[in-house]
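Secondary and tertiary structure notes
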Amino acid sequence: SIKYFTKPYRSDQHLPGAFRHHIEIRDEIFPTHWKNLKESPSGAFAVGDKVEENWENKGKWYNGFIAKVHDGDMYDVKFDDGGFELRVPAKRIRSSDSTLHRIGIDDFYA
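Bear in mind that the values here come from a model prediction, so they are computed numbers and not experimental data.

**Considering the nonpolar core**
- In terms of nonpolar packing, the biggest core is built from eleven residues, these being Phe45, Val47, Val51, Ile66, Val69, Tyr75, Val77, Phe79, Val88, Ala90 and Ile93.
- Taken together, the elements giving at least two residues each to this core come down to strand S3 (61-70) and strand S4 (74-79).
- Top contributing element to this core by residue count: S4, with three residues.

And the structure:
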């Protein structure tokens, strides 16, 4: 029989100079017709929008981005510190000054 062994740290991702870092790309560099953003029914926020959210309605605002849009103006928000809050009403979310768009939103639901 044949046995295969994977040697640790031998894949391409471990080569010197391999790029393995998070990338943020400004929305304005892409033409509008290239963007495939699912907007909310009211059009207030879309997946990937940088926002600030009133966490648990306690009056303190945290930076994050819209990870998913639900019916009824509800959103899933993933915070920059890695935390998240599900089905947040639009009244607890406001636009952030930053116009950066996050890549890898699907990782939130993996």
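**Here's the deal with a nonpolar patch on the surface**
- Side chains of Ile29, Phe30 and Trp34 sit close together on the surface and give an oily, nonpolar patch of about 350 Å² of accessible area.
- Checked against the element boundaries, Trp34 lands in the loop between strand S1 (24-26) and strand S2 (50-54).

**A word on the pattern of salt bridges**
- Going through the model one piece at a time under the given rule, you end up with five salt bridges.
- Notably, a salt bridge pairs Arg92 with Glu53, separated by 2.8 Å at the nearest N-O pair. Placement of Arg92 in the loop between strand S5 (84-89) and strand S6 (93-95) and of Glu53 in strand S2 is noted, with a sequence separation of 39 residues between them.
- Residue Arg92 is classed as buried on the basis of its relative accessible area, which comes to 12%.
- Three or more residues joined by partner-sharing salt bridges are found here, namely Glu53, Glu85 and Arg92.

**Notes on the sheet that holds S5**
- If you trace the five strands from one edge of the open sheet to the other, you get S5-S4-S3-S2-S6, paired in antiparallel fashion. Of all strands in the sheet, those with a lone pairing partner are S5 and S6, marking the two edges. Direction aside, neighbouring strands of the sheet carry axes that sit 45° apart on average.
- Looking at chain direction, S4 and S5 are connected through four bridges and run antiparallel. Opposite Lys78, over in S5, you have Phe84 as the bridge partner.

What counts, and at which threshold
- Residues numbered from 1 in each chain as written.
- Predicted model: local features only at pLDDT ≥ 70, side-chain atom pairs only at ≥ 80, totals over all residues.
- Heavy atoms only, no water.
- Core = buried A, V, L, I, M, F, W, Y, C linked by side-chain atoms within 4.5 Å.
- Buried < 20%, exposed > 50% of the residue type's maximum accessible area, 1.4 Å probe, protein only.
- Helix = DSSP H or I, 4+ residues; strand = E, 2+ residues; numbered from the N terminus.
- Patch = residues over 30% accessible without salt bridge, like charges linked within 9 Å, V, L, I, M, F, W, Y side chains within 5 Å.
- Areas by Shrake-Rupley, 256 points an atom, 1.4 Å probe, with all protein chains shown as cover.
- Salt bridge = Lys/Arg side-chain N within 4 Å of Asp/Glu carboxyl O.
- Pairing = 2+ DSSP bridges.
- Axes fitted to C-alpha atoms, helices over the stretch in contact; angles between N-to-C directions.

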